[in-house]
Each structure stands twice: as structure tokens, then as C-alpha cells.
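# Geometric and topological summary
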Amino acid sequence: LSGKVLQEKGFLHRSDKNGKVKLRLAGIYTHKEVLFFLFELKNRSRIAYPIQQWRFTVQDRKQVKRTAERHVALTPLCKHYEKAKGMDGKGENRLVVAFPQFTIADAKKMVVRLFEENGDRSPVLSIKGKHLLKARPIINPQNQ
């Protein structure tokens, strides 16, 4: 199914840039209690971008003074890259990440952090609950 999602065009436009590296949420898709997130990565610099790790958390949108901020880590069911993990200089890549189906309250947000190996170019993307509700069904998932 993640290969099918990689072929989709995408319909969302949430993105963040850091050091000529752009992380974009292209679309959210759903099929049988699973959410698929389609991310597009673009490297506009000539220096390769080796990916160290992805971090997915749900946290409070606003922090009131003197209160503890709660981060709940999300563990993906699978990750599927279009090309090899990472990006060459002036390259791009696409990634599908699958999670068990969930929703987010209005006072919270999902935060996606991408970390570079031996570097500081780390784009951070915030996804609100209203974006999750725009999830589209995967079309013709061959009897799965």
C-alpha cells in the first residue's frame, strides 16, 4: 500500500525549510485503520543530506507558564522511501510513513522532526488535527 501512496500526486502544502533542505507534507491517506503520510524531501544545496532519524511526537500547541509540556512519541508501523534513505546534493526523495489511525485535539499538534547525520539542518513540521481530518482514501488498493 505504501508503494501505491508513493505514486499519488499529493494535495497538502505544509512545509518547512532549514539550510536549503525542504520537508513537505504532500498528503495524508487512509485505508483500514491506518494513516499514511506522504512526505517530499528536497535538497537545494550541493552537500548530500544523510538522514540520521525521524522523530514523530504529539505535543501541546501552546505552553502555559510554569507547566510541564507533554510529548507523546508516535511509533510508525513502517517507513518506505522512494529512493535510498537520504538525499544527494541537489536531490530529492519521497517517503511514506504509516501509523495506526489517530486524531489530535484542537489544543495539540503533531510535530515531525528530521535530523541530519553529523549536521544541523533539521526541518520541523507541525501538523494540526484539522489536517488529519483531510485524509483521503487510497484508491483501488488491490484486495488488501
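Rules used in this analysis
- Residues numbered from 1 in each chain as written.
- Predicted model: local features only at pLDDT ≥ 70, side-chain atom pairs only at ≥ 80, totals over all residues.
- Heavy atoms only, no water.
- Helix = DSSP H or I, 4+ residues; strand = E, 2+ residues; numbered from the N terminus.
- Buried < 20%, exposed > 50% of the residue type's maximum accessible area, 1.4 Å probe, protein only.
- Pairing = 2+ DSSP bridges.
- Phe/Tyr/Trp six-rings, centres within 6.5 Å; stacked < 30°, edge-to-face > 60°.

Here the focus is the environment of Thr103. If you trace the backbone, Thr103 turns up in the loop between strand S7 (92-100) and strand S8 (108-116). Taking the C-alpha atoms as reference points, Thr103 and His131, separated by 28 residues in sequence, lie 9.8 Å from one another.

Turning to the pairing of strand S9 (residues 124-128), a few remarks are in order. Of the two faces of S9, only the one carrying Leu125 and Ile127 is buried; Val124, Ser126 and Lys128 on the other face are not. Sheet topology places S8 next to S9; five bridges connect them, and they run antiparallel. Looking at the pairing, Lys109 lines up with Lys128 of S9.

With that out of the way, let us pick up unusual backbone geometry. In this model, Lys32 sits at a positive phi of 45 degrees, which is unusual for a non-glycine residue. Residue placement: Lys32 occurs in the loop between strand S2 (21-31) and strand S3 (34-43). In this structure Lys32 comes out as exposed when scored by relative accessible area, which is 59%. Even without glycine at this site, Lys90 takes up a positive phi of about 55 degrees. Within the secondary structure layout, Lys90 lies in the loop between strand S6 (78-81) and S7. Classification of Lys90 by relative accessible area gives exposed; the value is 52%.

This next bit is on the packing of aromatic side chains. Across all of its chains, the model carries eight aromatic pairs by this definition. Relative to Tyr29, the ring of Phe11 lies with its centre 5.6 Å away and its plane at 85 degrees, an arrangement referred to as edge-to-face. One end of the pair, Phe11, is in the loop between helix H1 (2-6) and strand S1 (14-18); the other, Tyr29, is in strand S2, with 18 residues separating them in the sequence. Of the two residues, Phe11 and Tyr29, neither departs from the other in class, the shared state being buried. Ring centres 6.0 Å apart and planes at 5 degrees place the aromatic pair Trp54 and Phe56 in the stacked group. In this structure, Trp54 and Phe56 share a single accessibility class: buried. Three or more aromatic residues joined by ring pairs make a cluster, and in this case those are Phe37, Phe39, Trp54, Phe56, Phe99 and Phe102.

By themselves these figures say nothing about function.
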